[in-house]
Amino acid sequence: MQKLKKYTFKNKALTLFSLLFVLLFSSCEDVVNLDLETGEAKIVIDAEIIWQKGTTGNEQTIKISKMAPYYSTVTPKVSGAQVRVENSNGTVFTFNETQPGVYVCTDFVPALNMDYTLHVQAEGQSFTAVEKLMSVTPIKRVEQGMVLEGTKDIIELTFYYDDPANEVNYNLSDFKSDFLLFPEYNLMDDDFFNGNEINIRFSNEDMKAGNIVEITNRGISRNFYNYMNLILEASNANPFGTPPANIRGNIVNANDAANFALGYFRLCEADKVSYTVK
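Residues numbered from 1 in each chain as written. Predicted model: local features only at pLDDT ≥ 70, side-chain atom pairs only at ≥ 80, totals over all residues. Heavy atoms only, no water.

**Student:** Sorry, what's going on with the overall build of the chain here?
**Tutor:** Looking only at helices and strands, the chain has 2 helices and 15 strands in total. Here the chain holds 278 residues, and 36% of them are scored as buried. Accessible area for the chain stands at about 17,300 Å²; split by element, carbon and sulfur atoms hold 53% of it. (Helix = DSSP H or I, 4+ residues; strand = E, 2+ residues; numbered from the N terminus. Buried < 20%, exposed > 50% of the residue type's maximum accessible area, 1.4 Å probe, protein only. Areas by Shrake-Rupley, 256 points an atom, 1.4 Å probe, with all protein chains shown as cover.)

Rendered as structure tokens:
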């Protein structure tokens, strides 16, 4: 018990000293970069095959990069990789590098509910992943209204789609616009809405009349739903909490299972609308 009291006193003293230090030097403009430990630079594979309704879906892009140090402003690109996707019928679609780290296929053939296998060879490692191309129902309409946030009325957009009956469905939607630094994502499962009309709402205090908002709704697998749920929970977590570990996707390393790539190979049918705020 005495050791515990002594330890507590030291921590209080250290906290007081730190507070005084911050107050004394709060006007200092020098930037202090901490000497952070750099971990293993894992390969990151951004492989979304997205088939927008009304298109052939023949052009698809896969991006390959590596994790960068915390203070780095540049994302290292992975060049020279061999990338291909094979469907369950044995048809192979080759992705050719068009710029550093960007691999493009121009003759891809999407087929709903078909299994596809991703094959990537990069930096002496072989990566694979398997996923099914999931369907989505069309967006029926977009409505605009106002919602009270705190003491301020702000614009709210709501889009609607019908959930297919007698089957389990998962959806990932996103909203993109010039006033958003990053897309805003929304996950939905139909546990309580099976066979009914579903609505997804989006509001932002910076949204003004004249803004163009691009809305995309995807059909996704249950496994990708669970993966994205972890990603969104981590991104919305307390910034002062313990940083979460790397969230593992479905891309495995055939040479070394422990050296997996970050990212998730997913195939989605999607519906997209562009809405001009009134």
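**Student:** Would you mind going over the environment of Glu-59 with me for this structure?
**Tutor:** With respect to the helices and strands, Glu-59 occurs in the loop between β1 (43-52) and β2 (60-66). When the C-alpha positions of Glu-59 and Asp-107 are compared, they lie 6.4 Å apart, and in sequence the two are 48 residues distant. Among all residues touching Glu-59, those that are not within four sequence positions of it are Val-104, Cys-105 and Thr-106. (Contact = heavy atoms within 4.5 Å.)

**Student:** How should I be thinking about the pattern of salt bridges in this particular structure?
**Tutor:** Considering all chains together, one arrives at 13 salt bridges under this definition. Measuring nitrogen to oxygen at the nearest pair gives 3.9 Å for the salt bridge that ties Glu-48 to Arg-266. Here the residue Glu-48 occupies a position in strand β1, and Arg-266 occupies one in strand β15 (residues 266-276), the gap between them amounting to 218 residues. The residues Glu-48 and Arg-266 share a single accessibility class, namely buried. (Salt bridge = Lys/Arg side-chain N within 4 Å of Asp/Glu carboxyl O.)

**Student:** Can you help me understand the nonpolar core in this one?
**Tutor:** Across soluble globular proteins, you tend to see nonpolar side chains buried next to one another. With 28 residues, the main nonpolar core has Ile-45, Ile-64, Leu-118 and Phe-265 as its most contacted residues. Ranked by residue count, the leading element in this core is β1, at 5 residues. In terms of nonpolar packing, the next biggest core, distinct from the first, is built from 17 residues, Ile-139, Tyr-161, Tyr-275 and Val-277 among them. (Core = buried A, V, L, I, M, F, W, Y, C linked by side-chain atoms within 4.5 Å.)

**Student:** I'm lost on the pairing of strand β7 (residues 125-134) in this one. Help?
**Tutor:** Two faces make up the sheet, and in a regular strand the side chains alternate between them. Both strand β6 (residues 115-122) and β7 contribute to a ladder of 8 bridges, which runs antiparallel. Residue Gln-121 lies in a different strand from β7, and its bridge partner there is Ser-126. Between the end of β6 and the start of β7, which pair antiparallel, lie 2 residues, with Glu-123 showing a positive phi angle near 50°. Where β7 meets strand β14 (residues 252-253), 2 bridges bridge the pair, whose relative direction is antiparallel. What sits directly across from Phe-127, in β14, is Asn-253. (Pairing = 2+ DSSP bridges.)

**Student:** Quick question: what am I supposed to make of the sheet that holds strand β12 (residues 197-203) here?
**Tutor:** Strand pairs in the sheet, formed through backbone hydrogen bonds, run parallel or antiparallel to each other. The strand order across the open sheet formed by 3 strands is β8-β9-β12, and the pairing between neighbours is antiparallel. In this open sheet, the two strands that pair with only one neighbour each are β8 (139-149) and β12. The sheet shows a mean angle of 25° between the axes of neighbouring strands, taken without regard to direction. One ladder, built from 7 bridges, connects strand β9 (residues 152-162) with β12; its direction is antiparallel. Its bridge partner being in β12, Asp-162 is matched across the sheet by Glu-197. (Axes fitted to C-alpha atoms, helices over the stretch in contact; angles between N-to-C directions.)

**Student:** Would you mind showing me how to read the pairing of strand β10 (residues 170-176) here?
**Tutor:** Counting buried residues along β10, 6 of its 7 residues qualify, which places the element largely inside the surrounding structure. Pairing of β10 with strand β13 (residues 212-220) involves 7 bridges; the strand directions are antiparallel. Paired with Ser-173 across the two strands is Asn-217, which belongs to β13.

**Student:** In this structure, what is going on with the side chain of Asn-250? I would like to understand it.
**Tutor:** Summarising the element assignment, Asn-250 is placed in the loop between α2 (222-235) and β14. Under the relative-accessibility criterion, Asn-250 is labelled buried at 15%. From its side chain, Asn-250 meets the backbone nitrogen of Phe-265 in a polar contact 2.9 Å long. When near neighbours in sequence (up to four residues on either side) are disregarded, Asn-250 contacts Thr-128, Ala-129, Val-130, Glu-131, Gly-263, Tyr-264 and Phe-265. (Polar contact = N/O pair within 3.5 Å; in protein donor to acceptor, adjacent residues only side chain to side chain.)

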